[in-house]
Amino acid sequence: MGMDHAAPPLAFLFLMWWIMMVAMMLPSAAPMILLFSTVSRRSREQGRPYVPTAVFALAYLAVWGGFSLLAASLQWWIEVRGVSSPWMNGALLLGAGAYQLTPLKDACLRQCRSP
């Protein structure tokens, strides 16, 4: 019934997830990074302790790298065990689409849109 195939290498899956996360999350984080840069520059100019913007941005990317590793590992595990199916993929897609219509998503966006 199903086709036997080898799971993609974990490193490939991680890279795919991480590039996708960077492409999706970095543009939406740009205003926050720019605000942080302004605050950090003012602190530096006033002789107060500050964190370089590059450190802040790299930490942001590292957090998404951790999520990417978790997601890639889960995807790899599912592929290795052979439990993935078109039905499962469809259910995940429908679940993600249904989340878009929930009050929870609206509440999260209200809290996250403004620093």
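Before reading on, note that the structure itself is shown above.
All of these numbers come straight from a predicted model, not from anything done at the bench.

Chemist: I'd like a description of the packing of aromatic side chains, backed by residues and values.
Modeler: If you walk through the whole model with that rule in mind, you get three aromatic pairs. Relative to F67, the ring of W17 lies with its centre 6.3 Å away and its plane at 80°, an arrangement referred to as edge-to-face. On the criterion of sequence distance, the pair formed by W17 in helix α1 (residues 10-45) and F67 in helix α2 (residues 53-81) is long-range, its members being 50 residues apart. Judged by its relative accessible area of 38%, F67 is partly exposed. Grouped by ring-pair contacts, the aromatic residues W17, W64 and F67 constitute a single cluster. Here the guanidinium or amino end of R44 rests over the ring plane of Y50, the centre of that ring lying 5.5 Å away.

Chemist: Please set out the pattern of salt bridges residue by residue, giving values where relevant.
Modeler: Within this structure, the stated rule accounts for one salt bridge. Notably, a salt bridge pairs R41 with E45, separated by 4.0 Å at the nearest N-O pair. Residue R41 and its partner E45 are located together in helix α1, separated by four residues, close to a single helical turn. Of the residues examined, E45 reaches a relative accessible area of 59% and is grouped as exposed.

Chemist: Outline the packing of α1 against α2, listing residues and values.
Modeler: Between α1 and α2, the shortest axis-to-axis distance is 8 Å and the interhelical angle comes to 155°. One finds that α1 runs roughly antiparallel with respect to α2. The chirality of how α1 crosses α2 is right-handed. Taken together, the residues of the contact of α1 with α2 break down into 24 nonpolar, seven polar and no charged.

Chemist: Please set out the environment of S68 residue by residue, giving values where relevant.
Modeler: Structurally, S68 can be placed in helix α2. Each C-alpha atom of the pair S68 and A7 lies 17 Å from the other, and the pair is 61 residues apart in sequence. Excluding anything up to four places from it in sequence, S68 contacts F14, W17, W18 and M21. There is a polar contact of 2.8 Å between the side chain of S68 and the backbone oxygen of W64.

Chemist: So what's going on with a nonpolar patch on the surface? Residues and values would help.
Modeler: Residues L10, L74, W76, W77, V80 and V83 make up a contiguous nonpolar surface patch of about 520 Å² in total accessible area. If you tally residues by element for the nonpolar patch, the top one is α2, at four residues. Within the secondary structure, V83 sits in the loop between α2 and α3 (86-99). Given the relative accessible area of 43%, V83 is considered partly exposed.

Chemist: Can you tell me about the nonpolar core, naming the residues and giving the values?
Modeler: By size, the foremost hydrophobic cluster in this structure holds five residues: L13, W17, M21, A71 and A72. Among the elements of the structure, α1 and α2 are those that each provide at least two residues to this core. A per-element tally of this core places α1 first, with three residues. When sequence neighbours within four positions are dropped, the list of residues in contact with M21 reads L26, W64, F67 and S68.

So, how was this worked out
- Along every chain, residues carry numbers that run from 1 in the direction the sequence is written.
- Under the rules for a predicted model, residues below a pLDDT of 70 receive no local features and side-chain atom pairs below 80 are neither given nor counted, while totals for whole chains, interfaces and linings still include all residues.
- The basis for the side-chain values is all heavy atoms of the structure; hydrogens and waters are excluded.
- The rule is short: rings of Phe, Tyr and Trp, with Trp giving its six-membered ring, pair when the centres are within 6.5 Å, and they are stacked under 30 degrees, edge-to-face over 60, tilted in between.
- Going along the chain from the N terminus, every DSSP run of H or I of four or more residues is numbered as a helix, and every run of E of two or more is numbered as a strand.
- Throughout, exposure labels follow a simple rule: accessible area from a 1.4 Å probe, protein chains only, divided by the maximum for the residue type, with under 20% read as buried, over 50% as exposed, and the rest as partly exposed.
- Charge-over-ring contacts are defined here by two conditions on Lys NZ or Arg CZ: a distance within 6 Å of the ring centre and an angle within 35 degrees of the ring normal.
- A pairing counts as a salt bridge when a side-chain nitrogen of Lys or Arg comes within 4 Å of a carboxyl oxygen of Asp or Glu.
- An axis is simply a line fitted to the C-alpha atoms; with a helix, the fit covers only the stretch in contact. Between two such axes, the angle follows the N-to-C directions and lies from 0 to 180 degrees.
- Roughly parallel means an angle under 35 degrees; roughly antiparallel means over 145; roughly perpendicular covers 65 to 115; every other angle is labelled oblique.
- Note on convention: the crossing is left-handed when the near helix lies turned anticlockwise from the far helix by less than a right angle, right-handed when the turn is clockwise.
- Under the scheme applied here, ten amino acids are nonpolar (Ala, Val, Leu, Ile, Met, Phe, Trp, Tyr, Cys and Pro), four are charged (Asp, Glu, Lys and Arg), and all others, including Gly, are polar.
- For this analysis, residues touch if any pair of their heavy atoms sits within 4.5 Å.
- N or O atoms within 3.5 Å of each other form a polar contact, as long as, within protein, one can give a hydrogen and the other can take it, and as long as residues adjacent in sequence are counted only when both atoms are side-chain atoms.
- Patch rule: a residue counts if its relative accessible area is over 30% and it has no salt bridge; like charges are joined within 9 Å, and nonpolar side chains (Val, Leu, Ile, Met, Phe, Trp, Tyr) within 5 Å.
- Computed with a 1.4 Å probe, the accessible areas rest on the Shrake-Rupley method; for each residue, only the protein chains presented here act as cover.
- To define a nonpolar core, start from buried Ala, Val, Leu, Ile, Met, Phe, Trp, Tyr and Cys residues and group those joined through side-chain atoms within 4.5 Å.

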